[in-house]
Amino acid sequence: MDVVITNEARDVLLTEPAALDFKNLRSTAIIEDKQQLNLSFGTAVMEESHFDGISIVRCQADVYENIYIHVNDVPQRVMLMFMEQGDVSTSIDGFRRDLKLKSLEHNLVYSSATSDNAAVKKQKGITLFALGLTPDRFLELAENNGRVLEGLANHVAGNRSVALAEKFNPRITPRMTRVIEDVRGSGFQGGLKKLFLQSKVIELLALQCEQAEQEQYGPVKEKMVAGDVEKLYYVRDLLIEHIQQPLSLAQLSRKAGLNEFKLKSGFKTVFNNTVFGYLNDRRLEIARELVLEGLLPLSQIAEQAGYSSPQHFSTAFRKKFGVSPGRIRIRNIE
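Residues numbered from 1 in each chain as written. Predicted model: local features only at pLDDT ≥ 70, side-chain atom pairs only at ≥ 80, totals over all residues. Heavy atoms only, no water.

A. Representation of the nonpolar core in the model. In this structure, Ile-56 and Phe-138 are the most contacted members of the largest nonpolar core, which totals 34 residues. Elements represented by at least two residues in this core include exactly strand E5 (54-63), strand E7 (78-85), strand E10 (105-110), strand E12 (123-133), helix H1 (135-142), helix H2 (147-157), helix H3 (174-184) and helix H4 (190-217). The element that contributes the greatest number of residues to this core is H4, accounting for 8 residues. Every residue in contact with Phe-138, bar those within four places of it in the chain, is listed here: Val-78, Leu-108, Leu-133, Leu-149, Leu-152, Ala-153, Val-156 and Leu-205. One finds Val-57, Ala-61, Met-83 and Leu-99 within the second-largest nonpolar core, a separate group that totals 26 residues. (Core = buried A, V, L, I, M, F, W, Y, C linked by side-chain atoms within 4.5 Å. Buried < 20%, exposed > 50% of the residue type's maximum accessible area, 1.4 Å probe, protein only. Helix = DSSP H or I, 4+ residues; strand = E, 2+ residues; numbered from the N terminus. Contact = heavy atoms within 4.5 Å.)

B. How the structure looks around unusual backbone geometry. Located in the positive-phi region is Arg-10, a residue other than glycine, with phi close to 65 degrees. Relative to the helices and strands, Arg-10 resides in the loop between strand E1 (2-7) and strand E2 (12-17). Even without glycine at this site, Leu-104 takes up a positive phi of about 65 degrees. Secondary-structure assignment places Leu-104 in the loop between strand E9 (99-102) and E10.

C. Representation of the pattern of salt bridges within the structure. Throughout the structure, instances matching the rule amount to 16 salt bridges. The partner of Glu-32 in a salt bridge is Lys-193, and the shortest N-O contact between them spans 2.6 Å. Of the two residues, Glu-32 sits in strand E3 (residues 31-39) while Lys-193 sits in helix H4, which places them 161 residues apart along the sequence. On the accessibility criterion, Lys-193 (16% relative accessible area) is buried. Across the pair Glu-285 and Arg-282 runs a salt bridge, and its minimum N-O distance is 3.5 Å. Of this pair, Glu-285 and Arg-282 both sit in helix H9 (residues 275-293), 3 residues apart, which is roughly one turn of the helix. Exposure remark for Glu-285: the relative accessible area of 9% places this residue in the buried category. (Salt bridge = Lys/Arg side-chain N within 4 Å of Asp/Glu carboxyl O.)

In C-alpha cells, the structure reads:
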C-alpha cells in the first residue's frame, strides 16, 4: 500500500509505503502504532490499534496548504468515520458524489475499489476518529441485527459499494462522542483492553444504525403528512438562521403555517428533540467549534452561545459532549 501526496500544482510532496501491514488486521492480539509527522505541508499524529479484523484510528493534523492524497492497494474494509473537526472530501469509486465530511458529521462506507483519493483543505485542528472492519468481521456483526445493517450487509457480501447515508452525512450525537472519549481514555491493558475496545466498536456501529433506522423507519414519522414534514424542516432552517436571536414559538408557528401544538409534537417526532432543545444543541455544537479554534476566550464563547455565565456554559457543554470546554481546548493544544 503506497501513499502519494501532491499539492494543487500536482507536485509530489511525499511518496512512501503506508505503515499498515495487512496481517495486523487479523491479529488476535492488539497491535498498536503511533506516528508523528512533521513535514513542510503539515503535521499529524496518528494512533492505530488493530485486532480481530478491527482497526481503530485516531488522527489529529494541521495542514498548511491544500493537498491531495492518493492511496494504492487499500484493503477492503467497512469504514466508520467520525469527523470531530475538519473538512475533508474523499472520492470513492462506486459512488456518484464525493464523500465530504465536515465537523461533527459521520458516515459508514464500503467500497469495492482498491484505491482512495482525498482532498484536504488548508486548515488546523483536523480531528478524525475512524474504525475499519474487514468484510467478514462486519458480516459477523451484522447478522440478524436490524434492517439497516441487513441492507448494508447485502452490499458488502456482494462486494458492492454502499454508504449508510449518501445524500447528507448524519450528525455525531452526544452518545457517540462519549463512546469516542471512552476509547481515548481507556485505561485497560492486555486482553481486557481488547474486550473493552471491541465493545466500543460494536456500540458505535449500533448507534450509527439506530440513528439511520429512526430516520428511515420511524413509525410515527411515516404517518405524518409530507407537507407538514417540509414545514418542520423549514422551522429547523429558521432556528439556524436566527440562532443568535431566536424566534418565539408563535413566530415560528406563523411563518411555517403550523399551529403550535402540531409544531411542537411534529418537531419532536422528526428531530427527536424539542424546538428549543434542538436550538440549544446547535448552539453548543457551534460553541464547540469555536472552542477548538482557540481564537476566543471561553467567557466570550459562553456569551455568544447565550449562557449567563461561563459556569452554566461549562455545565451544559459537559452534559452534551461528555467533557468540559477547557479540557477539549487543552487536548487540542497538546
